[in-house]
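What follows is the residue order along each chain.
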Amino acid sequence: MKFRRLSLIFFLLFSLSCSAQQDFYQLVRAQLGLGNYFEPSNTVFFEQALKEEGLLKAVLATSDRVVRNSQVGAAQSPFLCSDGKIHENIFGPVPEPLKQQHFELDSFLPKGSSRPLGADAAFIDYLLGNSLSSDAVYYLFGSAFEASDSLDFYKGLALYTANSLEQAVDYFDRVPDTSSYFEKSLFFSTVCDAYLGRFQQARSRLQSYSGSWQELCQYELAALSLLEDDAHAYRQAAANFSYSSYALADGEKLFDDIYRSRYESRKKSPALAAAASAIVPGLGKIYSKCYGEAFASFLCIGATAAIAADNCIKRGPQDWRSIVFTTIGALLYVGNIYGSYVSVGLYNNYLENAQDNTIVFNIHIPVRSLFP
Amino acid sequence: MRRTTLLFSISIFLSAAFSLRGQDADSLYMASLCEKAVFEAETPRQANQALLEKARILHSQQLYRQEMEALGRLRMFALRPEQRSEVLQRQACCAYLLEDYDAALSFLEEAGVDTGYVQPKLKSEWAAMFLTFLVPAGYVYVDEPWEGLLSTSLNALSVLWIVSQISSGCYVSGILGGAIALNGTYLGAQKRVAQLLQQRNSEILKESKKNCLVHFLGPHLREE
């Protein structure tokens, strides 16, 4: 009896020290062949969940995540990113950060006497057309050119091509509406704002436009409406689609498909997923198309339940082992119901994120082909 | 023709002057002026001269990837054989500094340098796999005895679990729980040893390539 108590105390101390020593914990995980398929790690996730949602939700969400964080759980997951990991925190999927370049433009001191840009336009086009956009930025900011609308446009275009979107918008905005570069600047700055997530700014920019590229303007407005989740505004903008312009037709059809899938098709029910998982562990996950997670949940909960039942029958429900395994089993079971409920929303979030990326990409395509 | 030559000469002069001052923005601007000389070059030789100058400026700014790209755009047919070899060695140097040793070796081979590189003897995957059937032996083979000790303890705990459960009549817990535990500890050890072996072998390969490259690129690298 004394030995059993001592082993229990040793086991508890061992578990505590393992979780306290992150490196040692990772080392033990490595010996068990357990990979980490989630970013951030379960520990960080639990801390965040505890802070944001309270103890109960944190425990349930983490227990579900522990089951999902396995080779079987992550297999065929629709949420896996290109780096082989699932980027997800307590609020849902974490979008990959936009990779941007930043130039120290103030450090360039233009040299020589000012000259017009005109003679160098061909050289700038050559640089931009040959993936030498950084050289274009250095040249435009290092040379002494006379101030002009074309210079501001080319500076904006060079920064945009070099993936420095915030700096590009500053220069596109300087092009006056009387300039022949105004329309190009307007649509390029709209693309930049869409990538940067500044949808309202992009919308107000387009709403003030009254030029000849009306269909392109409505196309961009429709895309922004989808990004802002505004179905009414989308219908208004899409009413102007002609579906006949070579540069816009494909995008218009794609936006219509996204609109139908978001607002017209029947949504999956989180309550139904939770109920299905309560009847058969993992069934709710199949409903939300997470097949690997479903299988992992079924295996884990089934095995824990069998071990708990065996201990209860052979040793009695008062025995500490029966209590431990029943508690673990119950935690995994309730965690799976909670996880199934959440997984429907999570699946929709991932789908919407993927659709948003497609929309932003399709905002950029016609602008590049109409204003090469 | 005269205009291009004049522009090119000015570029070279300015680049020398500014690179002495060591100002980043100025140097990068000079690199773009070299690119202009490439754009306006009338002969491949002029273009090559400008590209070499651009590569030199980028090298002074430690922008090795961009330097390698500039060197890669040289019109090789317009270079003399010894210049070609020199360019390839500079590319190898850039690749070395970017720790891309495979690329560096292939540049050297293209330059006609007999590196005499022989792949070192690597630890055998088969030996590791068979030795891991006896868990600590596999870990000792990949030079991680302490991890081997940890893995052995975990395996011992799994076996202890099975024995204690079965001896007290809990057959389902013993067999099912034991299978799960051994799946983690025993097969986990196989997986971990394979991972460690891969790490060790790639380290050995990297080190041997690095040593070989240092021998041939030494004079170039000493100039840094």
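Residues numbered from 1 in each chain as written. Chains lettered and ligands numbered in written order. Predicted model: local features only at pLDDT ≥ 70, side-chain atom pairs only at ≥ 80, totals over all residues. Heavy atoms only, no water.

(A) Molecular detail of unusual backbone geometry. Cis peptide bonds are those with omega within 30 degrees of zero, and the linkage from A:Glu39 to A:Pro40 qualifies with 0 degrees. Residue position: A:Pro40 is located in the loop between strand E1 (38-39) and helix H3 (42-53). With phi around 60 degrees, A:Asp229 is a residue other than glycine that occupies positive phi space. You can see A:Asp229 is positioned in the loop between helix H12 (214-227) and helix H13 (231-238). Even without being glycine, B:Gln62 reaches a positive phi, approximately 60 degrees. Along the chain, the position of B:Gln62 falls in the loop between helix H3 (44-60) and helix H4 (64-72). (Helix = DSSP H or I, 4+ residues; strand = E, 2+ residues; numbered from the N terminus.)

(B) Examining the packing of helix H2 (residues 24-40) of chain B against H3(B) more closely. All names here are of chain B. Interaxial distance between H2 and H3 falls to 8 Å at its minimum, and their mutual angle equals 165 degrees. Considering the angle they form, H2 stands roughly antiparallel to H3. Crossing of H2 against H3: the hand is left-handed. Contacts from Ser 27, Met 30, Ala 31, Cys 34, Glu 35, Ala 37 and Val 38 of H2 reach H3 at Ala 47, Ala 50, Leu 51, Glu 53, Lys 54, Ile 57 and Leu 58. A breakdown of the residues in the contact of H2 with H3 according to their chemical character gives 10 nonpolar, 1 polar and 3 charged. (Axes fitted to C-alpha atoms, helices over the stretch in contact; angles between N-to-C directions. Parallel < 35°, antiparallel > 145°, perpendicular 65-115°, else oblique. Left-handed = near helix turned anticlockwise from the far one by under 90°. Contact = heavy atoms within 4.5 Å. Nonpolar A, V, L, I, M, F, W, Y, C, P; charged D, E, K, R; others polar.)

(C) Focus on the domain arrangement of chain A. On domain assignment, one finds that chain A holds domain 1 (25-97 + 268-355) and domain 2 (105-265 + 366-370). Spacing between the C-alpha centres of domain 1 of chain A and domain 2 of chain A amounts to 43 Å. (Domains from an automatic or database assignment.)

(D) Structural context of a nonpolar patch on the surface. All names here are of chain A. A contiguous nonpolar surface patch, about 850 Å² in accessible area, is contributed by Val 72, Ile 279, Val 280, Leu 283, Ile 286, Tyr 291, Phe 295, Phe 298 and Leu 299. For the nonpolar patch, the secondary structure elements donating two or more residues are helix H16 (283-287) and helix H17 (291-315). Per-element accounting of the nonpolar patch gives the leading share, 4 residues, to H17. Inspection of the secondary structure assignment puts Val 280 in the loop between helix H15 (270-279) and H16. Accessibility expressed as a relative area gives 33% for Val 280, which makes it partly exposed. (Patch = residues over 30% accessible without salt bridge, like charges linked within 9 Å, V, L, I, M, F, W, Y side chains within 5 Å. Areas by Shrake-Rupley, 256 points an atom, 1.4 Å probe, with all protein chains shown as cover. Salt bridge = Lys/Arg side-chain N within 4 Å of Asp/Glu carboxyl O. Buried < 20%, exposed > 50% of the residue type's maximum accessible area, 1.4 Å probe, protein only.)

(E) Geometry of the environment of B:Gln61. Mapped onto the secondary structure, B:Gln61 falls in the loop between H3 and H4. Excluding its chain neighbours within four sequence positions, the residues that come into contact with B:Gln61 are B:Asp24 and B:Ser27.

(F) View of the layout of surface pockets. All names here are of chain A. Of the pockets and cavities examined, the second largest pocket occupies roughly 700 Å³. If you trace the second largest pocket, you find 25 residues lining it, with Pro 95, Glu 96, Asn 353, Asp 356 and Asn 357 closest to the centre. Elements with a contribution of two residues or more to the lining of the second largest pocket: helix H10 (182-196) and helix H18 (320-370). The residue inventory of the lining of the second largest pocket, partitioned by class, reads 18 nonpolar, 5 polar and 2 charged. Formed jointly, the lining of the second largest pocket draws a minimum of three residues from each of two domains, domain 1 (25-97 + 268-355) and domain 2 (105-265 + 366-370). (1 Å grid on protein atoms, 1.4 Å probe; cavity = no way out; pocket = protein on both sides within 12 Å on 5 of 7 lines; lining within 4 Å. Points joined across faces, edges and corners; volume = space filled by probe spheres on them.)

(G) Representation of the interface of chain A and chain B. Chain A puts 31 residues into the contact, and the matching count from chain B is 37 residues. In total, about 2,800 Å² of surface goes out of reach between chain A and chain B, with carbon and sulfur atoms giving 65% of it. Three residues stand out in chain A for area buried against chain B, namely A:Gln31, A:Lys111 and A:Phe123, and they jointly supply 21% of the buried area on that side. At the boundary of chain A with chain B, the tally comes to 2 salt bridges. Taking the shortest distance from any N to any O, the salt bridge between B:Lys54 and A:Asp135 comes out at 2.7 Å. Looking at the side of chain A that touches chain B, the element that brings in the most residues is H17(A), giving 7 residues. Along the lines of polarity and charge, the residues of the side of chain A that touches chain B split into 17 nonpolar, 7 polar and 7 charged. (Buried area = accessible area lost by both parts, 1.4 Å probe.)

(H) Summary view of the domain arrangement of chain B. Residues and elements named next belong to chain B. Looking at the assigned domains, one finds that chain B contains domain 1 (2-116) and domain 2 (125-212). Listed by partner, the interface residues are 6 residues for domain 1 and 4 residues for domain 2. Taken together, the two surfaces of domain 1 and domain 2 that pack against each other cover about 520 Å², and 68% of this comes from carbon and sulfur. If you sort the residues of domain 1 by the area they bury against domain 2, Tyr 96, Tyr 101 and Leu 105 come out on top, with a joint share of 70%. Inspection of the region where domain 1 meets domain 2 yields 2 salt bridges. Note that Lys 206 and Glu 99 form a salt bridge whose closest N and O atoms lie 4.0 Å from each other. One can count 1 residue pair in polar contact (both at pLDDT 80 or more) joining domain 1 with domain 2. (Polar contact = N/O pair within 3.5 Å; in protein donor to acceptor, adjacent residues only side chain to side chain.)

(I) Structural view of H4(B). All names here are of chain B. All of the buried residues in H4 are Tyr 64, Glu 67, Met 68, Ala 70 and Leu 71. Along the axis of H4, the buried residues cluster in a sector spanning 160 degrees; they form a single face. Seen from the buried face of H4, the exposed residues on the opposite side, beyond 90 degrees, are Glu 69 and Gly 72. Against H3, helix H5 (81-97) and helix H6 (101-110) lie the buried residues of H4. (Arc of directions from axis to C-beta.)

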